[in-house]
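Structure assessment
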Amino acid sequence: MKNPVTIAFSLVFSLLSTLSITAQVDMRWDLHGIGFEVPKNFIIQENNADAFTAGNDFLFLTIAPIQDASLTEEDLADAVVAMATEMEYDDISEGDEIEVGDLYGYYIKGVKDGAHAVVMAMLDVESSTNILVIIVYAEGFEDEAINMAASFYAYD
């Protein structure tokens with residue numbers, strides 16, 4: 001039988017680990033006027049005009065501008081599937097739209113080399129800011145990846 005103190009310590013450690021993963025903070029990509037929420041322990045790895053990358057042990061986020069001015073809300077779903085296919089994602093499933101403020105997006109879930117990801121394109125209906133978002137997630141973190149995708153917003 002385990003020591004009650006050991007059990008209590010394990011429960012508290014587990015709870016604190018979960019809270020540090022789920023506590024959210026606002027992060028911004030100022031070069032493109034895009035904001036989003038990420039877990040508190042996210043570390044920025046790249047932040048320039050071409051890409052924004054950040055992550056932790058369970059989620060990894062990549063954002064890049066889309067250089068396609070002809071992309072519209074009407075063809076966004078097909079464009080996201082085409083982008084994911086071109087990037088060699090398999091098992092593409094569960095597409096859905098996301099609307100947050102001035103941003104209109106469409107995401108799919110896919111698998112590439114065994115890694116699960118949310119692939120999303122977002123259009124800013126008030127400006128020419130269009131972005132591609134890829135959120136790679138560890139097993140069991142699908143909801144966190146979807147929530148992160150739904151947290152994107154544009155600002156001036």
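Our structure is the block above this text.
This report concerns the structure included in the present document. Bear in mind the structure is a predicted one, so any value in this text is a computation, not a measurement.

Within the open sheet, the 3 strands sit side by side as 1-2-10. Their pairing is antiparallel. Strand pairing shows two members of the sheet lacking a second neighbour, strand 1 (24-29) and strand 10 (153-154), which therefore form its edges. Where strand 2 (residues 34-39) meets strand 10, 2 bridges bridge the pair, whose relative direction is antiparallel. Its bridge partner being in strand 10, Ile-34 is matched across the sheet by Ala-154.

Sheet architecture is open: 7 strands sit in the order 3-4-5-9-8-7-6, paired in antiparallel fashion. Only two strands of the sheet have a single neighbouring strand rather than two, namely strand 3 (43-47) and strand 6 (90-100). The mean inter-strand angle of the sheet, taken between neighbouring strand axes irrespective of direction, is 15°. Pairing geometry for strand 6 and strand 7 (residues 103-112), over 7 bridges, is antiparallel. Across the sheet, Glu-99 pairs through a bridge with Tyr-104, a residue of strand 7. Contacts from helix 2 (residues 76-86) reach strand 6, strand 7, strand 8 (115-124) and strand 9 (130-137), with the element oriented near 30° to strand 7. Its contacts with the sheet put helix 3 (residues 142-150) on strand 5 (59-65), strand 6, strand 7, strand 8 and strand 9, and the angle it makes with strand 9 is roughly 165°.

What counts, and at which threshold
Residues numbered from 1 in each chain as written. Predicted model: local features only at pLDDT ≥ 70, side-chain atom pairs only at ≥ 80, totals over all residues. Heavy atoms only, no water. Pairing = 2+ DSSP bridges. Helix = DSSP H or I, 4+ residues; strand = E, 2+ residues; numbered from the N terminus. Axes fitted to C-alpha atoms, helices over the stretch in contact; angles between N-to-C directions. Contact = heavy atoms within 4.5 Å.

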